[in-house]
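Breakdown of the fold
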Amino acid sequence: LYYGREYELALELINDTIALDPDFSFGPYIKGWILQQTGDIENAIAALQASVELSDGSGITLAALAHAHAFAGDDDTAREILGRLTDPELTANPPAYEIAKVYLALGNEDELFEWLDRAYERRSNQVIFAKVDPQLDSVRDDARFQALIEKLGL
């Protein structure tokens, strides 16, 4: 539903999921994505922060939180989180696809495509969503994006 841009229904269902299992870290993770797309950035950041805490600071939840901060214009916080995620001494296997989206939210399309290429090369399981990911809508017409979609066979 999220990828189909059915945000109201997606929000209802993810709230049901969270009610069933409040300790499931992907509940607030997905909720944060949905809220961000609907423009409720304050609650998106709160949901993503909860996801970070529930997941003990997993890379993808931290990257999603960094993305939300960048989307909200809080570039300093986004870059601080991004620094932790891209420091090889702190993160052995950074979530390349999610990091790419942080760079997009920061307005750095060159880094976006560098990290999308890393996601492809590392066979990131999330890169398969690139064709439908709402967070990538602003670069759909870019030739580099089209080349990625072609490489992915999507």
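Looking at the side chain of Ser55
- Looking at the secondary structure, you find Ser55 in the loop between α3 (41-54) and α4 (59-71).
- Judged by its relative accessible area of 18%, Ser55 falls in the buried class.
- The contacts of Ser55, once residues within four sequence positions are left out, are Ser25 and Thr61.

Some details on the environment of Tyr103
- Relative to the elements of secondary structure, Tyr103 occurs in helix α6 (residues 96-105).
- With a relative accessible area of 13%, Tyr103 lands in the buried category.
- Between the C-alpha atom of Tyr103 and that of Leu82, which follows or precedes it by 21 residues, the distance is 8.9 Å.
- In this structure Tyr103 touches Leu82, Asn108, Glu111, Leu112 and Trp115, once residues within four positions along its chain are discounted.

Quick word on the nonpolar core
- With 42 residues, the main nonpolar core has Tyr97, Leu112, Leu116, Ala130, Leu136, Val139 and Phe145 as its most contacted residues.
- Elements represented by at least two residues in this core include exactly α1 (7-20), α2 (26-37), α3, α4, α5 (75-86), α6, α7 (109-121) and α8 (143-152).
- A per-element tally of this core places α4 first, with 8 residues.
- Those residues in contact with Leu136, other than ones at most four positions away along the chain, are Tyr97, Lys101, Leu104, Leu112, Ala130 and Phe145.

Observations regarding the packing of aromatic side chains
- Within the structure shown, the criterion is met by 8 aromatic pairs.
- Ring centres of Tyr3 and Trp33 lie 6.3 Å apart, and the angle between their planes is 65 degrees; on these two criteria the pair is classed as edge-to-face. With Tyr3 in the segment before α1 and Trp33 in helix α2, this pair connects stretches of sequence that are 30 residues apart.
- With relative accessibility at 5%, the residue Trp33 sits in the buried group.
- Here the aromatic rings of Tyr3 and Phe129 are separated by 4.8 Å at their centres, their planes lie at 5 degrees, and the arrangement is stacked. Note that Tyr3 is positioned in the segment before α1 and Phe129 in the loop between α7 and α8, a separation of 126 residues in sequence.
- Taking relative accessible area as the criterion, Phe129 reaches 31% and is therefore assigned partly exposed.
- One aromatic cluster is present, built from ring pairs that chain together Tyr2, Tyr3, Tyr7, Phe24, Phe26, Tyr29, Trp33 and Phe129.
- Directly above the aromatic system of Trp33 lies the positively charged group of Lys101, at a separation of 4.8 Å from the ring centroid.
- The ring of Trp115 carries Arg118 above its face, with NZ or CZ at 4.0 Å from the centroid.

Observations concerning the environment of Thr61
- Looking at the element boundaries, Thr61 is found in helix α4.
- Accessibility expressed as a relative area gives 1% for Thr61, which makes it buried.
- For Thr61 and Gln49, which are 12 residues apart along the polypeptide, the C-alpha to C-alpha distance reads 8.1 Å.
- Beyond its immediate chain neighbours, meaning those up to four positions away, Thr61 contacts Tyr29, Ser51, Val52 and Ser55.
- Polar side-chain contacts of Thr61 include one of 3.0 Å to the side chain of Ser55.

Notes on α1
- The end-to-end C-alpha separation of α1 is 20 Å, in line with the 20 Å expected for 14 residues at 1.5 Å each.
- Along α1, the positions that sit buried rather than exposed are Tyr7, Ala10 and Ile14. For α1, the arc enclosing every buried residue in end-on projection is 55 degrees, short of the 170-degree limit, so these residues lie on one face. Opposite the buried face of α1, by more than 90 degrees, sit the exposed residues Glu8, Glu12, Ala19 and Leu20.
- Structurally, α1 contributes buried residues whose contacts are with α2.

Conventions we followed
One numbering rule holds for all chains: residues counted from 1, following each sequence as written. Predicted model: local features are reported for residues with pLDDT of at least 70 only, side-chain atom pairs are reported and counted for 80 or more only, and whole-chain, interface and lining totals are derived from all residues. Only heavy atoms go into the side-chain values, all of them from the structure, while hydrogens and water stay out. What counts as a helix is a DSSP run of H or I of at least four residues, what counts as a strand is a run of E of at least two, and both are numbered from the N terminus. Only protein chains enter the area calculation, which uses a 1.4 Å probe; residues under 20% of their type maximum are buried, those over 50% are exposed, and those in between are partly exposed. The criterion used for residue contact is that any of the two residues' heavy atoms lie within 4.5 Å. By convention a nonpolar core is built from buried Ala, Val, Leu, Ile, Met, Phe, Trp, Tyr and Cys residues, the set being connected through side-chain atoms within 4.5 Å. Aromatic contacts are taken between Phe, Tyr and Trp rings whose centres are within 6.5 Å, Trp giving its six-membered ring; a plane angle under 30 degrees counts as stacked, one over 60 as edge-to-face, and the others as tilted. Only Lys NZ and Arg CZ are tested; either one counts as a charge over a ring when it is within 6 Å of the ring centre and within 35 degrees of the ring normal. Pairs of N or O atoms are called polar contacts if they sit within 3.5 Å, as long as, within protein, a hydrogen donor faces a hydrogen acceptor (for residues adjacent in sequence, only side-chain-to-side-chain pairs). Helices are assigned an expected span. That span is 1.5 Å times one less than the residue count. By definition, the arc is the one covered by directions from the helix axis to the C-beta atoms.

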